[in-house]
Amino acid sequence: MRLINRRPDRASRLILVILPFALLLFAYFTGSATRLTENPNDKLLPSAVQMTDAIKRVAIIPDQRTGEYLLWQDTASSLQRLAMGLAISAVVGLCVGIASGVLPLFGAPLSPLLTVLSMVPPLAVLPILFIVFGLGELSKVMLIVIGITPVLARDLEQRAREIPVELLIKAQTLGASTWTLILRVVLPQLLPRLLISLRLVLGSAWLFLIAAEAIASTDGLGYRIFLVRRYLAMDMILPYVAWITLLAWLMDWGLKALTRKAFPWYEGVRP
Amino acid sequence: MSFISVNNVWQQYDDQVVLEGLNLSIAEGEFCTLVGASGCGKSTFLRLLLGQEVPSKGVILLDEQPIANEPDASRGVVFQRYSVFPHLSVLDNVALGLELPRSALLGRLFGKAKREAREQASALLHKVGLGHALDKYPTQLSGGMQQRLAIAQALIMKPRVLLLDEPFGALDPGIRKDMHVLLLELWRETKLTVFMVTHDLCEGFNLGTRLLVFDKVRLDPHAPGAYGARITYDIPLNSDRRAARAAIESLQTA
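The structure presented is a predicted model; accordingly, all values stated were derived computationally and were not measured.

Helix and strand counts for chain A come out as 10 helices and 0 strands. Seen in sequence order, chain A has helices and strands lined up from the N terminus as α-α-α-α-α-α-α-α-α-α. The C-alpha atoms of chain A give a radius of gyration of 24 Å, which is well past the 18 Å a tight globule of 271 residues would have. Reported as C-alpha extents along the three principal axes, the dimensions of chain A are approximately 75 × 65 × 30 Å. Put simply, 68% of the contacts in chain A that link residues at least 6 apart link residues at least 24 apart.

Right, let's talk about the overall build of chain B for a bit. Along chain B, the regular secondary structure elements total 7 helices and 10 strands. By the compact-globule yardstick of 18 Å for 254 residues, chain B fits well, its C-alpha radius of gyration being 19 Å. In terms of overall dimensions, chain B has a C-alpha envelope of 60 × 45 × 40 Å along the principal axes. Across the 254 residues in chain B, those meeting the buried criterion constitute 43%.

Turning our eyes to something else, we now look at the environment of Ile-18 of chain A. Of note, Ile-18 of chain A is situated in helix H1 (residues 10-38). You can call Ile-18 of chain A exposed: it has 10 C-beta atoms within 10 Å.

Attention shifts here to the domain arrangement of chain B. All names here are of chain B. Domain boundaries assigned for chain B yield domain 1 (1-74 + 159-254) and domain 2 (86-158). Summarising the inter-unit geometry, the C-alpha centres of domain 1 and domain 2 are found 26 Å apart. Counting from both sides, the interface comprises 12 residues of domain 1 and, opposite them, 10 residues of domain 2. In terms of residues, the side of domain 1 that touches domain 2 owes the most to one element, helix H5 (residues 173-189), which gives 5 residues. Tallied by class, the residues present in the side of domain 1 that touches domain 2 amount to 11 nonpolar, no polar and 1 charged.

Criteria and cut-off values
- Here, residues in each chain are numbered from 1, in the same order as that chain's written sequence.
- Chain A is the first chain written and ligand 1 is the first ligand written, with later ones labelled in order.
- The predicted nature of this model means local features are confined to residues of pLDDT at least 70 and side-chain atom pairs, given and counted, to a pLDDT of 80 or more, with totals for whole chains, interfaces and linings taken over all residues.
- Here a helix means four or more residues in a row that DSSP labels H or I, a strand means two or more in a row labelled E, and each is numbered from the N terminus.
- Atoms counted for the radius of gyration: C-alpha only. Globule rule: 2.2 Å times the number of residues to the power 0.38.
- Residue pairs are scored as contacts if the distance between their C-beta atoms, which are placed from the backbone, is within 7 Å.
- Exposed residues have 12 or fewer other C-beta atoms within 10 Å of their own C-beta, buried residues have 20 or more, and residues in between are partly exposed; the C-beta atoms are placed from the backbone.
- What fixes the domain bounds is an automatic or database domain assignment.
- Three categories are distinguished: nonpolar for Ala, Val, Leu, Ile, Met, Phe, Trp, Tyr, Cys and Pro, charged for Asp, Glu, Lys and Arg, and polar for the others, with Gly belonging to the last.

Structure follows, in structure tokens:
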């Protein structure tokens, strides 16, 4: 049988899903054990016990200086920044995308502008943001907004253009004005697409968040990783990275579930 | 007096002439079927009637007034595909036509007004045979059901003109027969003037009270775009149907 026609059944699919993760963990912990037997003070590949201890120090035991639980505080501030950035970008991206994709008079000036703006490397304007907005929360949120809004807007613009012209004409024969046409036909059809676009830009959003926190911040997941890097604290960095990955994955999964739940018509409902 | 009159209409894209010198006068309540080879301007003519395009030359009058140069509620339309809104249930697809004109700000009704709109939509849907599928989404319907929905959606507006662009082109023959019956029934009940583009000559002859054949009478092999299509045949059909309708109308006015 050709390879292209061979499919895993349920059981072997599960094994195939777990296998790469298991191999990765196995490779890591064998490496870690080998290095630690040679030199118990090795910091590069900490053992599971060392990592658990490090996590306990930040998640369960309050910080000696501030009395706060660092991991949860870092998580809260990072997620708050991320959520604000994503929310602002989603609203702006949706408005710009619809205006530019549906209204030719708005699309003419907006579309080329968006193309150029999306080519500006967001990290290159980070210094400008720090100069203009100061080192506070605003500049970090703005970096996320500047980084992902053009991507969202361009994607939604494209999706808006893909709405069949027949539907727009039909809506007009049903008595829609430009405004109600956008409200009742274009917007509802673009919302599920917005959620999908958000999933696609989640990775970039985290990248910009951590970059901003690494450079100027006093808390946050990115700040913590870059802070403990000075002490080669791999036992702390690795769990933090894993935690960030888990959070990002959960957000992705949540958005996916939301799309299914809120827009059952989108992925072709069955009778 | 003619309801729709087409006066010397030309349509031309760059140097490609699609339609040339169209002159027509259509009485209210006529069922016109438009046939002709592919690419000879039937659909272009329909788009002109719809207001989706503006003729390069000439004018189309509806009730002595030039027709609006954008689509509006006076002319309903059913396309071969993409005629219904995928994000609305069957019921809301039809109720939308009642909601949009009455609510300029939000495009939707609430409370009692919404209930009434839905009842009205539901009555029409029962009539076209979709009473069992009110809560389904269009993707859950078969092709024929989707076109029934599209027709109901257009009729809820009570348009004076209904434009059909190969509405049954993608349906299989059995379903197509059912749709013909439905369409004729709806046409008899309303004072609708219908224009229907079709590739199927039989359909054109069976349904219409007037068959319009589009064809190019002049052809320059060195410049295929130099001449456009005209209406080469204009055949009155099914005079019994036309007569019956005229009789009913005279009874109603008497």
